[in-house]
Amino acid sequence: MKKVKIFIASSAELKEDKQIFDLYFSEKNKLLRDRNIDLDQRTWMDFDSSLNKTRLQDRYNEYIRNCDIVIFLFHTRLGRYTKEELEIAHNAFLASKGKKPRVFVYFKEDGIQDKELQDFKYYCESCLGHFCDIYTDYQDLQIKFDKQLQLLMNEGFIKEDPVDVKRTARFFLLAVCLPVIVAALAFLCLYFLTPATS
């Protein structure tokens, strides 16, 4: 099964939007299961928060570097580490020569009033050359991201695995190994159970 790694970054104020996004991905996975595609989305809440040799944020950053898709959601304020996460995702995108992760930045319409957030939006648009998308509510976000997901599928960025390992292994066992074993047992039975003639 092709696993598409997705990270959703936002400040704590958009917790409800992220939870509803979880439902979106759950429904999408039901539809994509037959195509052997699994959208594996995570947020910071899905990581082990125990003490480690490095910062906990470094674990998120490493995951972001290895993601296929990273989604950023903003409303009234900039999350403490969100700019760092965007820079990590952008640098990983550049290092992969534009392959991954694909980065999507969404601002909730009624919230871009904070000066720091306005500066960050300007930074995205002027320094990174990325024009951020605006959404009004969760349904609008879902429609906009669903369209982007469909575009990624149409261009082949998200595609099913050409070989289903479990199905191929089962076929090999049933179609190749089992007949060979049955034939070998039949031969052995014939050989040992046939009376010897002198």
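### Some remarks on the sheet that holds strand 5 (residues 133-135)
Alright, step 1. Taken in spatial order, the 5 strands line up as 2-1-3-4-5 in an open sheet, and their pairing is parallel. Bordering the open sheet on either side are strand 2 (37-42) and strand 5, each of which pairs with just one other strand. For this sheet the average axis-to-axis angle between neighbouring strands, irrespective of direction, equals 25°.
Alright, step 2. Where strand 1 (residues 2-10) meets strand 2, 6 bridges bridge the pair, whose relative direction is parallel. If you follow Val 4 over to strand 2, its bridge partner there is Leu 39.
Alright, step 3. Seen against the sheet, helix 1 (residues 15-32) touches strand 1, strand 2, strand 3 (69-74), strand 4 (102-108) and strand 5 and runs at an angle of roughly 170° to strand 2.

### Regarding the pattern of salt bridges
A side chain of one charge can pair with a side chain of the opposite charge if their charged atoms are brought near each other.
Alright, step 1. Per the stated rule, a full pass over the model turns up 15 salt bridges.
Alright, step 2. For Glu 27, the salt bridge goes to Lys 30, with nearest N and O atoms at 3.2 Å. One end of the pair is Glu 27 and the other is Lys 30, both in helix 1 and 3 residues apart, which spans about a single turn.
Alright, step 3. Here Glu 62 and Arg 65 are joined by a salt bridge, their closest N and O atoms 3.2 Å apart. In this pair, Glu 62 and Arg 65 are both assigned in helix 2 (residues 56-65), 3 residues apart and thus about one turn of the helix distant.

### Observations regarding the packing of aromatic side chains
How two aromatic rings sit relative to each other is set out by the distance from centre to centre and by the angle between their planes.
Alright, step 1. Within this structure, the stated rule accounts for 16 aromatic pairs.
Alright, step 2. When the centroid spacing of 5.9 Å and the interplanar angle of 65° are considered together, the rings of Phe 25 and Phe 145 count as edge-to-face. With Phe 25 in helix 1 and Phe 145 in helix 5 (residues 138-154), this pair connects stretches of sequence that are 120 residues apart. One exposure class covers both Phe 25 and Phe 145, and it is buried.
Alright, step 3. In this structure an aromatic cluster arises from ring pairing among Phe 21, Tyr 24, Phe 25, Phe 104, Tyr 138 and Phe 145.
Alright, step 4. Arg 102 extends its terminal NZ or CZ atom over the ring of Phe 157, reaching a point 4.5 Å from the ring centre.

Reading the values: the criteria
- Residues numbered from 1 in each chain as written.
- Predicted model: local features only at pLDDT ≥ 70, side-chain atom pairs only at ≥ 80, totals over all residues.
- Heavy atoms only, no water.
- Pairing = 2+ DSSP bridges.
- Helix = DSSP H or I, 4+ residues; strand = E, 2+ residues; numbered from the N terminus.
- Axes fitted to C-alpha atoms, helices over the stretch in contact; angles between N-to-C directions.
- Contact = heavy atoms within 4.5 Å.
- Salt bridge = Lys/Arg side-chain N within 4 Å of Asp/Glu carboxyl O.
- Phe/Tyr/Trp six-rings, centres within 6.5 Å; stacked < 30°, edge-to-face > 60°.
- Buried < 20%, exposed > 50% of the residue type's maximum accessible area, 1.4 Å probe, protein only.
- Lys NZ or Arg CZ within 6 Å of the ring centre and 35° of its normal.

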